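Below are the chains, spelled out letter by letter.
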Amino acid sequence: MQHALIWLLSIEILGLIALPLAFSLFRRLPDRGLILSKILALLLLSYVLWVLGLTQLIPNSFYTVAAILAVMALISAFVVRRKWREILSFLHKERVALLTSELVFLGIYALWLLIVSSTPAINHTEKLMDFAFLNSILMSTHFPPEDPWLAGHSISYYYFGHFMMASLTKLTAIPSNISYNLSISLIPALVGAGAFSLMYNLIRLSGARVRTAILFALAAPVFIAVIGNLEGVLEFIHTRGWGSDGFWEWVSIKGLDSAQSGDPSLFPGDYWWWWRATRVIDTVVDGASLDNTIPEFPFLSFLLGDLHAHMSALPFIVLVLALSLNLFTSDEKLGPSWIRRYPWEVLALALCLGSLAFINIWDFPVFAALFVALVLVKGYGDWGGGIKQALLPSLYLLVPVLTVAVLLYIPFYSDLSSQASGVLPVGDVSTRPLFFFVIWGLFLILSWTFLFSQLWATPGITGRNPGTMAAVLVITLMPFLLWAGIELLALWTGWSLLVDRLDGSTIGSVSTVGTRFGMLLPGMFIVGVALYTALLRSRHGNERATTFALLSLALAFYLLIGAELFRLVDFFGNRMNTVFKVYYQSWLLLATVSAYGLYYLCSRPMPSFLGPTEVTGTRIRKSASILGKALRHGWIGVVAVLFLASMYYPVGAALDKAESADGNTLDGLAFLQRESKGEYEAIGWLRDYAPWGRIVEAVGDDYSEYGRISASTGLPTVLGGKSHEQQWRGSTRPFEGREEHVEQIYGSSDPNQVMALLDTYDIRYVYVGARERSKYGGGHFDKFSHFLQPVFQEEDVVIYEMLRDEKGGLLEGDDAGTE
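Not measured: the values here are computed from a predicted model. Here the residue index of a chain counts from 1 through its sequence in written order. Only residues with pLDDT of at least 70 get local features here, since the model is predicted, and only at 80 or more are side-chain atom pairs given and counted; chain-wide, interface and lining totals rely on the full set of residues. Hydrogens and waters are ignored; side-chain quantities use all the structure's heavy atoms.

A. Here's a closer look at the overall build of the chain. A count of helices and strands for the chain gives 33 helices and eight strands. Based on C-alpha atoms, the radius of gyration is set beside the globule rule, defined as 2.2 Å times the residue count to the power 0.38. Against the globule reference of 28 Å for 819 residues, the chain gives a C-alpha radius of gyration of 29 Å, in line with a compact fold. Taking the principal axes of its C-alpha atoms as reference, the chain extends roughly 110 × 70 × 60 Å. The proportion of buried residues among the 819 residues of the chain is 58%. For this analysis, residues touch if any pair of their heavy atoms sits within 4.5 Å. In the chain, 76% of the contacts between residues at least 6 apart in sequence involve partners at least 24 apart. Entry remark: accessible area of the chain is about 32600 Å², with carbon and sulfur atoms responsible for 62%. Strands are runs of DSSP state E lasting at least two residues, helices are runs of H or I lasting at least four, and both sets are numbered from the N terminus onward. Summary of the burial criterion: residues with accessible area below 20% of their type's maximum are buried, those above 50% are exposed, and those between are partly exposed, where the area comes from a 1.4 Å probe applied to protein chains only. Computed with a 1.4 Å probe, the accessible areas rest on the Shrake-Rupley method; for each residue, only the protein chains presented here act as cover.

Spelled out as structure tokens, the structure:
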């Protein structure tokens, strides 16, 4: 486990280097952002490395990484020199909270090291794609990195999460087949510590003492990164053999199709049963799935072990939330003077907010919208409820921050293509209330009761605020009204492309609109009340932490409503990807709100109508007191039951993963050493010893063994991951003909044709292994010794290298023979 210790030491050093910077940046937060310094350091290091690599002058190397850290350390030393007394005093004052956060970080890191090392293989789901990106970045001398599965093209995807893990890999010199799994262990730890920091700050800002804040802040990492949805309860019921065939047919979750005879086991015994929790929402008609969605959540992502964008983004979303909270708590009015006073804070906001697009582009518009809402609501409060007066000062801040957030990452946008081609209204499919509760059960209870408490705790809620109420009503109803208008327009114009599926009749379409409105009404009520109470609280200037939570709650349900009304137009032809992204973002938001709501509800007195009153007569007072206690105890009981039910999934899933252990190592390619030693050694030789060069290997299906050599070495191949490339680039045009060319390279006996094709793609290495022999017969490369020579051979694997002169030209005939 020495690699795990080196990895840990490196991230700790990064955190220490950035600690003075965080102390200066998060000036208004109770923990001064010190807990977030690791995340901040990783972002700063990686961004500077990326920009330097884009110049084509400074190489991507250990020495460059070390130089960047040295400069960061010098800047931090300058800050320490000016503020060392203040920093030391603060460290002593907040030592308990800081030590607790570090224990959270170390505990989660150790837990995931244990889980990941039991099943480290990089051989399923999206692991190979993520491994390919990681290795391509590591092998790149300059940036942008070349697409490992499409030689000659840059990566057309959001890859900054992979880039940050590659930066840490470059610093530590740990082999990528090990650092991949260390990254899977590190991200949950960063998320957990970051969530603790965010919640600790929110609770302290609400007036709580340190120990209270620490206690309740521990709920945030549990809610965000540990618990699962309630599908695990259905797994338990199904395993025990409870419920009739009719019941399970009504439930209608794939894999839970009919009653079982009963099993005394506590957890299901079928392979990867925990995967079903990501396939809860579906609309099945005549046995066909119309709505094959993916409501994933963080613990499942960690367990699956894909280093995918949505998971990698989590720590940096928390960082953006903390920066937004830091701004939101400012006592000064926003505007040009605020920007001049805090230019580094404005730049940090732009840098961190903009990074979300580079890590996972879906997150940028969502959390930019939250940032905009926070600024506008703060302005509304600062100007005493004057919407017009607040707008211009708010724009003075919003425009430069959002503009710079995009400009800082322009090189990324210039290389980005996408399969997305628009947005369509959702037609006949929708989320059943049962499925909605299965996914959100615990968070629904906590967020609903937190919101309900605002109806009596918010100052001025019974007053007349017609302008504010009208604005909230328009914002709340806007998505539904837009959807309904398009639905009816499509009916009247006959333009079926506007919606997924038309009913065909006026009565049917109006009925569909009415039904959808009734289904979404509770969610719209939550959005409206959360927005309205947030605005009122900002106007009265009290409990900004509560206002922050209310705006987060409104955004979460706005997203969930949006997923019932609109979907992204992509190759999947349904709302699978839309629900996947939106639900993941909503999980983070609702988990945060729920953790804060738990503190809020436990620390506030009951409303007068549920507790002791001043009404004359002991009978009335006693009845009210009994009712209040009964409701409070009932609420505690419901929350406790739902929490325990939500813990069934992570415990059972982790045990299931442990039972399928295939060793105790962090080497993600160790399985290859057992199954195909020749391929394992070939990967190591190409990655660690061979000069850089493009390769050619067999082309096959995605999610298989094909493309593994390029993915494991980072050396670009002619073509790999065909369906991935189609999604990333929006069509097959960029790689048309390449699969046929690869077949000709391996199958042709014409040396001139093979030589021309290898030269077309500037191929240096031809890989011949089991897949190539199985699909193409192994080729005729032994007959092409005048331009190909074997440079590696182990068991059934042979690697040939193109013979070139010093200028890179091909050597032929007698010239080749004298090489």
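B. Geometry of the packing of aromatic side chains. For this analysis, a ring pair means two rings from Phe, Tyr or Trp (six-membered ring only for Trp) whose centres lie within 6.5 Å, classed as stacked if their planes differ by under 30 degrees, edge-to-face if by over 60, and tilted for the remaining angles. Summed over all chains, the structure comprises 59 aromatic pairs. Between Phe-236 and Trp-242, the ring centres sit 5.6 Å apart and the planes meet at 90°, which makes this aromatic pair edge-to-face. Over the aromatic face of Phe-23 sits the side chain of Arg-32, whose NZ or CZ is 3.8 Å from the ring centroid. Whether a charge lies above a ring is judged from NZ of Lys or CZ of Arg, which has to be within 6 Å of the ring centre and within 35 degrees of the ring normal. A cation sits over an aromatic face here: Lys-333 above Trp-383, 3.9 Å from the ring centre.

C. Region of the structure containing the pattern of salt bridges. A carboxyl oxygen of Asp or Glu within 4 Å of a side-chain nitrogen of Lys or Arg is what we treat as a salt bridge. Taken as a whole, this structure holds 24 salt bridges when the rule is applied. With a closest N to O distance of 2.8 Å, Arg-575 and Asp-291 form a salt bridge. Residue Arg-575 is located in the loop between β4 (566-568) and α24 (576-603), and its partner Asp-291 is located in the loop between β2 (288-289) and α12 (298-304); the two are separated by 284 residues in the primary sequence. This pair shows no difference in class: Arg-575 is buried, exactly as Asp-291 is. We note a salt bridge from Arg-687 to Asp-688, for which the minimum N-O separation is 2.9 Å. In this structure Arg-687 comes out as buried when scored by relative accessible area, which is 17%. Judged by its relative accessible area of 45%, Asp-688 falls in the partly exposed class.

D. Structural view of the packing of helix α7 (residues 176-205) against helix α14 (residues 314-328). Note on method: axes are straight lines fitted to C-alpha atoms, helices fitted across the in-contact stretch only, with angles between N-to-C directions ranging 0 to 180 degrees. Contact geometry for α7 and α14: axes closest at 8 Å, N-to-C directions at 20°. Compared by their axis directions, α7 and α14 come out roughly parallel. Crossing handedness for the pair α7 and α14: left-handed. Across the interface between the two elements, Ile-187, Leu-190, Val-191, Gly-194, Ala-195, Leu-198, Asn-201, Leu-202 and Leu-205 of α7 pack against Leu-314, Pro-315, Val-318, Leu-321, Ala-322 and Leu-325 of α14. Looking at side-chain class alone, the contact of α7 with α14 contains 13 nonpolar, two polar and no charged residues. These descriptions rest on fixed angle ranges, namely under 35 degrees for roughly parallel, over 145 for roughly antiparallel, 65 to 115 for roughly perpendicular, and the rest for oblique. Whether a crossing is left-handed or right-handed is set by the direction in which the near helix is turned from the far one by less than a right angle, anticlockwise for left-handed and clockwise for right-handed. Each residue is assigned to one class: nonpolar for Ala, Val, Leu, Ile, Met, Phe, Trp, Tyr, Cys and Pro, charged for Asp, Glu, Lys and Arg, and polar for all the others, Gly among them.

E. Just the layout of surface pockets, in detail. In this analysis a 1.4 Å probe is tested at points of a 1 Å grid over the protein atoms alone, and where it fits but cannot get out there is a cavity; an open set with protein on both sides within 12 Å along at least five of seven lines is a pocket; lining residues have an atom within 4 Å of a point. Grid points are joined across faces, edges and corners, and a volume is the space filled by probe spheres set on the points. Taken as a whole, the largest pocket encloses approximately 1200 Å³ of empty space. Every element with two or more residues in the lining of the largest pocket is listed here: α17 (363-382), α18 (387-407), α21 (466-493), α22 (506-540), α23 (544-565), β4 and α24. With nine residues, the top contributor of residues to the lining of the largest pocket is α17. Residues belonging to the lining of the largest pocket are distributed by class as follows: 33 nonpolar, five polar and one charged.

F. Just the nonpolar core, in detail. In this description, a nonpolar core means a group of buried Ala, Val, Leu, Ile, Met, Phe, Trp, Tyr and Cys residues linked to one another through side-chain atoms lying within 4.5 Å. Core analysis: the biggest nonpolar cluster contains 251 residues, and Phe-223, Trp-440, Tyr-583 and Tyr-596 have the highest contact counts within it. Ranked by residue count, the leading element in this core is α7, at 17 residues. Beyond its immediate sequence surroundings of up to four residues, Tyr-583 is in contact with Ile-281, Pro-295, Thr-431, Phe-436, Ile-439, Trp-440, Leu-560, Ala-563 and Glu-564. By size, the runner-up hydrophobic cluster in this structure holds 26 residues, among which are Val-718, Phe-735, Ile-763 and Val-768.

G. Fine view of the environment of Pro-175. Of note, Pro-175 is situated in the loop between α6 (160-172) and α7. Put simply, Pro-175 and His-3 are 172 residues apart on the chain and 9.2 Å apart in space, counted from C-alpha to C-alpha.

H. Structural detail: the sheet that holds strand β6 (residues 763-768). The pairing criterion is simple: DSSP has to find at least two bridges between the two strands. Here we have four strands laid out as an open sheet, ordered β5-β6-β8-β7, and mixed in their pairing. Two strands bound the open sheet, and with one partner strand each, they are β5 (694-696) and β7 (788-794). The mean inter-strand angle of the sheet, taken between neighbouring strand axes irrespective of direction, is 25°. Taken together, the six bridges between β7 and strand β8 (residues 797-802) define a ladder with antiparallel strand orientation. Bridge pairing links Leu-788 to Met-802 in β8. Most of the contacts of helix α27 (residues 677-688) go to β7, to which it runs at about 120°, and overall it touches β6, β7 and β8.

I. Highlighting empty space enclosed by the protein. Scanning all chains against the criterion turns up six cavities of 30 Å³ or more. Taken as a whole, the largest cavity encloses approximately 60 Å³ of empty space. Every residue along the wall of the largest cavity is listed here: Ile-115, Val-116, Thr-119, His-124, Lys-127, Asn-181, Ile-184, Phe-302, Leu-303, Leu-304, Gly-305 and Lys-657. Put simply, the parts of the chain that give the lining of the largest cavity at least two residues each are α4 (95-118), α7 and α12. For the lining of the largest cavity, the leading source of residues is α12, giving three residues. Classifying every residue of the lining of the largest cavity by side-chain character gives six nonpolar, four polar and two charged.

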